[in-house]
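Below are the chains, spelled out letter by letter.
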Amino acid sequence: MSCWATIQDYGLRSIGMGERLLPRNDFTLCQQFTLIGSGMVWNIYFGVLALLAGFLLATALAVGKSSRHRLLRKPAEWFIFLFRGSPLFIQFFFAYFLFLSLKSVSSFFDAFTSAWLGALVVLFFNTAAYSGEIFYGALLSIPRGDLEAADAYGFSGWNKFRRITWPTMLRLAWPAYTNEAIFLFHATTLVFFSGFPALQQRGDALYYASYFADKTFNPFIPYPILAMYFILLTLCVVGLFGVINKRLNRHLPAERRARMRIRPNLLR
């Protein structure tokens, strides 16, 4: 079988398209690159959707935590503390059994017991908590002079937040938020160990890498391939977020613009 035929058969297997049966013997590099790359579709799916939804919730959490009203501040503080204070893998574990219990109460929760939605919800809450703390720190770091200037120009309420506070918060938080986005994509590999069943058992990138490692008794080929895919994904994230960072800092002199620095989280 040629490499092009392999790509046609297995390129979209992770989403249920193409050959149903996995190769059983005579594994080729093309098969491993194709199937692991196919599984990356799910990792990108989890990362992109959790990041987009988490960004909105993180902004609300940061505003809530900085609020003077206790009814807004305390829920935000406890949400951030809960999801930052517990390991992500334990959150997957408890969420899965919670959704299983709720499934017996209502059929509405059936989809939440599958990885495509249940694991996505956990990643969404987790990244929202970490990002919310980053945004909260940025809110506290907004120069007082900027806020006083906004007041002097007559900005107040929502108009002040939309045009002054929120853009300044993003500008200050963006380098740290970029690192959170990178870690989120790396954390999607934990879905494989979470207990959430994959849709039709198609699997993500780590599923296929583990399959080849088990079948060939040689982890030194599939896992480096998996790492290479994530390195390429990280470079894409850094490039995209770098463009956004330049946009956020376009009004500043070159020497004052915040520089992007990648600082991987070794512990979560």
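Structural data are supplied above this passage.
Presented here is an overview of the structure given in this document. Everything quoted here is computed from the prediction, not taken from an experiment.

Here's the deal with the overall build of the chain
Right, on to step 1. Scanning the chain for helices and strands turns up 9 helices and 0 strands.
Right, on to step 2. Listing the helices and strands of the chain from first to last along the sequence gives α-α-α-α-α-α-α-α-α.
Right, on to step 3. The dimensions of the chain, computed from C-alpha atoms along their principal axes, are 70 × 50 × 30 Å.
Right, on to step 4. The buried share among the 268 residues of the chain stands at 43%.
Right, on to step 5. When the accessible surface of the chain is totalled, it reaches about 15,200 Å², and 65% of it is carbon and sulfur.

A word on the packing of aromatic side chains
Right, on to step 1. All told, the structure shown has 33 aromatic pairs when counted by the stated rule.
Right, on to step 2. Within the aromatic cluster, the residues linked to one another by ring pairs are Phe 92, Phe 93, Phe 94, Tyr 96, Phe 97, Phe 99, Phe 108, Phe 109, Phe 112 and Phe 196.
Right, on to step 3. Taking the ring centre of Tyr 130 as reference, the NZ or CZ of Arg 84 above it sits at 5.6 Å.

Side note on the packing of helix H7 (residues 157-187) against helix H9 (residues 222-248)
Right, on to step 1. Contact pair H7 / H9: the axes reach a minimum separation of 10 Å and the direction vectors enclose 165°. When the interaxial angle is binned, H7 and H9 end up roughly antiparallel. For H7 against H9, the interelement crossing comes out right-handed. Contacts from Leu 170, Arg 171, Trp 174, Pro 175, Tyr 177, Thr 178, Ala 181, Ile 182, Phe 185 and His 186 in H7 reach Phe 230, Leu 233, Thr 234, Val 237, Val 238, Phe 241, Ile 244, Asn 245 and Leu 248 in H9.
Right, on to step 2. Here the residues of the contact of H7 with H9 sort into 14 nonpolar, 4 polar and 1 charged.

Some words on the environment of Phe 212
Right, on to step 1. With respect to the helices, strands and loops of the structure, Phe 212 is situated in helix H8 (residues 205-216).
Right, on to step 2. For the pair Phe 212 and Ala 150, spaced 62 residues apart in sequence, the C-alpha separation works out to 59 Å.
Right, on to step 3. In this view, Phe 212 contacts Pro 23, Phe 27, Gln 31, Gln 32, Leu 35, Phe 217 and Pro 222; residues no more than four positions away in its chain are not counted.

Observations regarding the nonpolar core
Right, on to step 1. Within the largest apolar cluster, 58 residues are counted, with the highest numbers of intra-cluster contacts made by Ile 36, Phe 46, Phe 92, Leu 123, Phe 135, Phe 196 and Leu 226.
Right, on to step 2. Elements that contribute at least two residues to this core include exactly helix H2 (29-65), helix H4 (88-103), helix H5 (115-140), H7, H8 and H9.
Right, on to step 3. The element that contributes the greatest number of residues to this core is H5, accounting for 12 residues.
Right, on to step 4. Apart from the residues within four sequence positions on either side, Phe 135 is in contact with Phe 55, Ala 58, Thr 59, Ala 62, Met 169, Leu 170, Ala 173 and Tyr 177.
Right, on to step 5. Grouped together as the second largest cluster of nonpolar side chains are 7 residues, Leu 61, Phe 79, Ile 80 and Phe 83 included.

Some thoughts on the pattern of salt bridges
Right, on to step 1. Evaluated as defined, the whole model comprises 4 salt bridges.
Right, on to step 2. Glu 133 is the salt-bridge partner of Lys 65, the closest N and O atoms lying 2.7 Å from each other. Remark: Glu 133 occurs in helix H5 and Lys 65 occurs in helix H2; sequence separation between them is 68 residues.
Right, on to step 3. According to the relative accessible area criterion, Lys 65 is buried, its value standing at 15%.
Right, on to step 4. Judged by its relative accessible area of 22%, Glu 133 is partly exposed.
Right, on to step 5. When the shortest N-O distance is used, the salt bridge between Glu 77 and Arg 73 registers 3.8 Å. A residue pair is termed a helical-turn pair when its members lie 3 or 4 positions apart in one helix, as Glu 77 and Arg 73 do in helix H3 (residues 70-85) at 4 residues.
Right, on to step 6. According to the relative accessible area criterion, Glu 77 is partly exposed, its value standing at 24%.
Right, on to step 7. Each member of the salt-bridge network shares a partner with another, and the members are Arg 73, Lys 74 and Glu 77.

Comments concerning the state of the cysteines
Right, on to step 1. Per the counting criterion, the structure on display carries 1 disulfide.
Right, on to step 2. For Cys 3, the disulfide goes to Cys 30, at an S-S distance of 2.1 Å. Judged by the sign of its S-S torsion, about 85°, the bond between Cys 3 and Cys 30 is right-handed. With Cys 3 in helix H1 (residues 3-10) and Cys 30 in helix H2, this pair connects stretches of sequence that are 27 residues apart.

Reading guide: rules and limits
Residues numbered from 1 in each chain as written. Predicted model: local features only at pLDDT ≥ 70, side-chain atom pairs only at ≥ 80, totals over all residues. Heavy atoms only, no water. Helix = DSSP H or I, 4+ residues; strand = E, 2+ residues; numbered from the N terminus. Buried < 20%, exposed > 50% of the residue type's maximum accessible area, 1.4 Å probe, protein only. Areas by Shrake-Rupley, 256 points an atom, 1.4 Å probe, with all protein chains shown as cover. Phe/Tyr/Trp six-rings, centres within 6.5 Å; stacked < 30°, edge-to-face > 60°. Lys NZ or Arg CZ within 6 Å of the ring centre and 35° of its normal. Axes fitted to C-alpha atoms, helices over the stretch in contact; angles between N-to-C directions. Parallel < 35°, antiparallel > 145°, perpendicular 65-115°, else oblique. Left-handed = near helix turned anticlockwise from the far one by under 90°. Contact = heavy atoms within 4.5 Å. Nonpolar A, V, L, I, M, F, W, Y, C, P; charged D, E, K, R; others polar. Core = buried A, V, L, I, M, F, W, Y, C linked by side-chain atoms within 4.5 Å. Salt bridge = Lys/Arg side-chain N within 4 Å of Asp/Glu carboxyl O. Disulfide = S-S within 2.5 Å.

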